[in-house]
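Summary of the model geometry
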Amino acid sequence: MTSIHDFRKMKEDGRKISMVTAYDFAMARIVDASEVDCVLVGDSCAMVMHGFPSTVHATTEMMVTHVAAVARGLSGKFLVADMPFLSFRKGPAAALECVDPLMKAGAHAVKLEGVRGHEATVEQIVRSGVPVMGHIGLTPQSIHQLGGFKVQGRDEETANELLAQAVLLEKLGCFSLVLECVPSTVAARITRELRIPTIGIGAGPDTDGQVLVLQDLLGMNGDFRPRFLRRFFDGDEQLRAALNRYHSEVTAGTFPSGNESYL
Ligand code: KIV
């Protein structure tokens, strides 16, 4: 099984890390059979799997259910679980009440957004023996404060603040850091400054790894086409075509055939 030490080594060796989200058992089995390095049960499940407009709607109960389903579909991949909205903003003790069921559901690490104001919580989780992945830049749980899904760190002051947050998260003991929607130059600078690996999404080619939402990279998310996204499959189209073939065969009476029937 991959561990946090392997990720540090991958950075040192210049071997890029691939990460994807998964939210359910069926997809987890497919990811498990792939060469992808690690899996994130992101709080994006509130949007992708439940149809909510933002990740603010993810709850501990929701995350634990998805983490448990994904963990049952994995045999050896490193599994990170997102801590949902506000679960780590009520102090270290309250945060551990969320970390506990996530880890018992099968996560190997937790990810949480931001750092300012909850430094002690990050430290406490790490000291409790739970690996923590940081997440800065566009932090979707703060979407209403950020004023939308916008690139962060475009000017010198905000870029410097991102670097300061990254350095602080490393100091607090994070084993890795997600950089979301930041200019490539800023991501490259942060990646150079840190010893822990950075995982980018919308952060250009110079981070130590990349993460994408599984349904986005498989083309299963409708018209969602941000600049950073590459679709590696046309899932919406392919799945619709398969369903239409099924419908045609049923209505034409050609499915099931004799071979597909019990004698
Ligand atoms: O929730 C999520 O899917 C994430 C990734 C986009 C990094 O946090």
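Residues numbered from 1 in each chain as written. Predicted model: local features only at pLDDT ≥ 70, side-chain atom pairs only at ≥ 80, totals over all residues. Heavy atoms only, no water.

Considerations on the overall build of the protein
A count of helices and strands for the protein gives 11 helices and eight strands. Taking 263 residues into account, the globule formula puts the C-alpha radius of gyration at 18 Å, and the protein, at 20 Å, falls close to it. Dimensions of the protein, computed from C-alpha atoms along their principal axes, come out at roughly 70 × 40 × 35 Å. Counting all 263 residues of the protein, 46% fall into the buried class. If you take every contact in the protein between residues at least 6 apart in sequence, the share linking residues at least 24 apart comes to 57%. Working note: accessible area of the protein is about 13,400 Å², and carbon and sulfur atoms make up 54% of it. (Helix = DSSP H or I, 4+ residues; strand = E, 2+ residues; numbered from the N terminus. Rg over C-alpha atoms; globule rule 2.2 N^0.38 Å. Buried < 20%, exposed > 50% of the residue type's maximum accessible area, 1.4 Å probe, protein only. Contact = heavy atoms within 4.5 Å. Areas by Shrake-Rupley, 256 points an atom, 1.4 Å probe, with all protein chains shown as cover.)

Observations regarding the sheet that holds strand β7 (residues 198-201)
Overall, parallel pairing links the eight strands, which are arranged β1-β2-β3-β4-β5-β6-β7-β8 in a closed barrel. Taken pair by pair, the neighbouring strands of this sheet meet at an average axis angle of 25°, ignoring direction. Looking at chain direction, strand β6 (residues 176-180) and β7 are connected through four bridges and run parallel. Residue pairing in the sheet places Leu177 in a bridge with Thr198 of β7. (Pairing = 2+ DSSP bridges. Axes fitted to C-alpha atoms, helices over the stretch in contact; angles between N-to-C directions.)

Some thoughts on the site of the ligand
Taken together, Thr21, Leu40, Gly42, Asp43, Ser44, Asp82, Lys111, His135, Ile201, Val211 and Val213 make up the full set of residues near the ligand. Protein chains shield 95% of the accessible area of the ligand, which is 260 Å² for the free molecule. For the shell around the ligand, a count of residues per class yields four nonpolar, four polar and three charged. (Near = heavy atom within 4 Å. Nonpolar A, V, L, I, M, F, W, Y, C, P; charged D, E, K, R; others polar.)

A few points about unusual backbone geometry
Put simply, Phe255 and Pro256 share a cis peptide bond, and its omega is 0°. By the secondary structure assignment, Pro256 is in the segment after α11 (235-252). Unusually for a residue other than glycine, Leu86 sits at a positive phi of about 65°. With respect to the element layout, Leu86 can be found in the loop between β3 (78-82) and α5 (92-104).

Focus on helix α4 (residues 60-73)
Compared with an ideal rise of 1.5 Å per residue, which puts 14 residues at 20 Å, α4 spans 20 Å between its outermost C-alpha atoms and is within 8% of the ideal. Buried residues belonging to α4 abut α2 (25-32), β2 (38-41), α3 (45-48), β3 and α5. (Expected span 1.5 Å × (residues − 1).)

Considerations on the domain arrangement of the protein
Assigned domains within the protein: domain 1 (4-232) and domain 2 (234-263). Put simply, the middle of domain 1 and the middle of domain 2, counted by C-alpha atoms, are 38 Å apart. Listed as interface residues are five residues of domain 1 and, on the opposing side, four residues of domain 2. For the interface between domain 1 and domain 2, the tally reads zero salt bridges. Summed over the shared surface of domain 1 and domain 2, the number is four residue pairs in polar contact (both at pLDDT 80 or more). Its residues assigned to classes, the side of domain 1 that touches domain 2 shows two nonpolar, three polar and no charged. (Domains from an automatic or database assignment. Salt bridge = Lys/Arg side-chain N within 4 Å of Asp/Glu carboxyl O. Polar contact = N/O pair within 3.5 Å; in protein donor to acceptor, adjacent residues only side chain to side chain.)

What about the packing of aromatic side chains?
For the structure shown, the criterion picks out four aromatic pairs. Look at Phe7 and Phe78: their rings are 5.3 Å apart centre to centre, the planes differ by 75°, and that puts the pair in the edge-to-face class. Placement of Phe7 in helix α1 (residues 4-13) and of Phe78 in strand β3 is noted, with a sequence separation of 71 residues between them. As far as the burial class goes, Phe7 and Phe78 line up, both buried. On the numbers, 6.4 Å between centres and 35° between planes, the contact of Phe7 with Phe175 is tilted. Of this pair, Phe7 sits in helix α1 while Phe175 sits in the loop between α8 (156-172) and β6, and the two are 168 residues apart along the sequence. Phe175 sits in the buried class, given a relative accessible area of 7%. Members of the aromatic cluster, each reached through a chain of ring pairs, are Phe7, Phe78 and Phe175. (Phe/Tyr/Trp six-rings, centres within 6.5 Å; stacked < 30°, edge-to-face > 60°.)

Examining helix α6 (residues 119-127)
Taken together, the buried positions of α6 are occupied by Thr121, Val122 and Ile125. Around the axis of α6, the buried residues are gathered within 100° of arc, so they sit on the same side. Its buried side turned inward, α6 meets α5, β4 (109-113), β5 (132-137) and α8. Phi for Gly129, located one or two positions after α6, is positive at around 95°. (Arc of directions from axis to C-beta.)

A word on the packing of α8 against helix α9 (residues 184-193)
Relative orientation of the contacting elements α8 and α9 amounts to 30°, with a least axis distance of 10 Å. Compared by their axis directions, α8 and α9 come out roughly parallel. Crossing geometry of α8 relative to α9 is assigned as right-handed. From α8, Ala159, Asn160, Leu162, Leu163 and Ala166 reach across to α9, where they touch Val186, Arg189, Ile190 and Glu193. Residue classes in the contact of α8 with α9 are distributed as six nonpolar, one polar and two charged. (Parallel < 35°, antiparallel > 145°, perpendicular 65-115°, else oblique. Left-handed = near helix turned anticlockwise from the far one by under 90°.)

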